[in-house]
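In case you want the letters, here they are:
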Amino acid sequence: MEWLAVAMRARRTARVYQQLAVAGFRRQSQYKLAMFAGLFTNCVFGLVRAAVMVAAVRAAGDFGGYDEGSIGAYVWLSQALLGAMQFMGPPLELVDRVKNGDIAVDFLRPVDVQLSYLATDLGRAACTLIPRGIPSVVFGYLTFGLAMPHSPWPYLLGAISVLLAVALSFLSLFAVGLIGFWVVETRGIRVLYQICGTFLAGLFVPVHMFPEWLRTLAHATPFPSILQAPIDILSGRVLGSEAIGVVATQMVWVVLIGIAGRILLAAGRRRLEVQGG
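Residues numbered from 1 in each chain as written. Predicted model: local features only at pLDDT ≥ 70, side-chain atom pairs only at ≥ 80, totals over all residues. Heavy atoms only, no water.

Enquirer: Can you walk me through helix α11 (residues 228–235) in this structure?
Expert: A turn of α-helix holds 3.6 residues, and therefore any two residues three or four places apart point the same way. For α11, a buried count of eight out of eight residues is recorded, marking the element as mostly surrounded by other parts of the structure. Positive phi shows up at glycine 236, right after α11, with a value of about 80°. (Buried < 20%, exposed > 50% of the residue type's maximum accessible area, 1.4 Å probe, protein only. Helix = DSSP H or I, 4+ residues; strand = E, 2+ residues; numbered from the N terminus.)

Enquirer: Help me out: how do you make sense of the layout of surface pockets in this one?
Expert: The calculated volume of the second largest pocket comes to roughly 320 Å³. For the second largest pocket, the lining is made up of 14 residues, of which Leu77, Leu81, Ile134, Val137 and Leu234 are closest to its centre. Residue assignment for the lining of the second largest pocket shows that the elements contributing at least two residues are α3 (68–85), α6 (113–144) and α7 (153–178). Looking at which element gives the most residues to the lining of the second largest pocket, the answer is α6, with five residues. Tallied by class, the residues present in the lining of the second largest pocket amount to twelve nonpolar, two polar and no charged. (1 Å grid on protein atoms, 1.4 Å probe; cavity = no way out; pocket = protein on both sides within 12 Å on 5 of 7 lines; lining within 4 Å. Points joined across faces, edges and corners; volume = space filled by probe spheres on them. Nonpolar A, V, L, I, M, F, W, Y, C, P; charged D, E, K, R; others polar.)

Enquirer: Would you mind going over the nonpolar core with me for this structure?
Expert: If you look at the biggest cluster of nonpolar residues, it comprises 66 residues, and the most contacted ones within it are Ile71, Met85, Ile103, Phe174 and Leu227. A total of twelve residues in this core trace back to one element, the largest contributor, which is α7. Ignoring sequence-local partners within four residues, the contact set of phenylalanine 174 consists of Leu94, Val113, Gln114, Tyr117, Gly261 and Leu265. (Core = buried A, V, L, I, M, F, W, Y, C linked by side-chain atoms within 4.5 Å. Contact = heavy atoms within 4.5 Å.)

Enquirer: Is there a simple way to think about the pattern of salt bridges in this case?
Expert: For side chains of opposite charge, pairing can occur when their charged atoms come near one another. In the structure shown here, the tally under the stated rule is three salt bridges. Residues glutamate 68 and arginine 58 are paired through a salt bridge, measuring 2.9 Å at the closest nitrogen-oxygen approach. Highlighted residues: glutamate 68 in helix α3 and arginine 58 in helix α2 (residues 32–60), separated in sequence by ten residues. With relative accessibility at 60%, the residue arginine 58 sits in the exposed group. The salt bridge partner of arginine 262 is aspartate 112, with a shortest N-O separation of 2.4 Å. You can see arginine 262 sitting in helix α12 (residues 240–276) and its partner aspartate 112 sitting in the loop between α5 (103–108) and α6, a full 150 residues away along the chain. (Salt bridge = Lys/Arg side-chain N within 4 Å of Asp/Glu carboxyl O.)

Next comes the structure, spelled out in structure tokens:
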């Protein structure tokens, strides 16, 4: 009956993380005015970006394989995913708890620190996508006539890709936040992450438009898997085995960055215990 006891413990643990995700969703849903403001901002900046990109496509003719419909899909999908991916830096709550030592309380809780924060962030991201992300794409479709897939498979695989992208984004931010165990002020590192991350992820222009050397550099980092990857799948730019390969790459990055975060967390815990007694 030992396997039954293990199964019951696993079920209880999964329920705890599910409740944390629900709590993250509910906490984010409290900021209704901020959601509407974010949706309005998404639409305004989306109109500006789409107008510029469409003009560039018309002027260039060959714009990295994009036409007016596909570049519109890139713009509006990137606008929709931006809030969920949270490029603005690690959650200030985590940064502050590491800085002042309150994270020691998290170590005493009967849940994994990294996974508990991840579950909460997944709930937050879901709440961001529903009232802000999806309406942004609908608005873009109505105003620009986006070129989107007609079969359900890109959307099903795209949903998995978005989930992996959100997880990868948070795990990367989590690792950046843990640098606070060794550095008194991490603001400069967070700003550097924000600048490099948004550019290499393909927020300003698609990664496919980069020069070959810069594209190679970008793909040596996890950033394209955070934004460009789900956009390519949802827009139908990559299909079939190529799309599955993109998702597999995302999975590899999730594992690698997750392991890096756990190593930093373990090392930071040892440092905290040595300093605090």
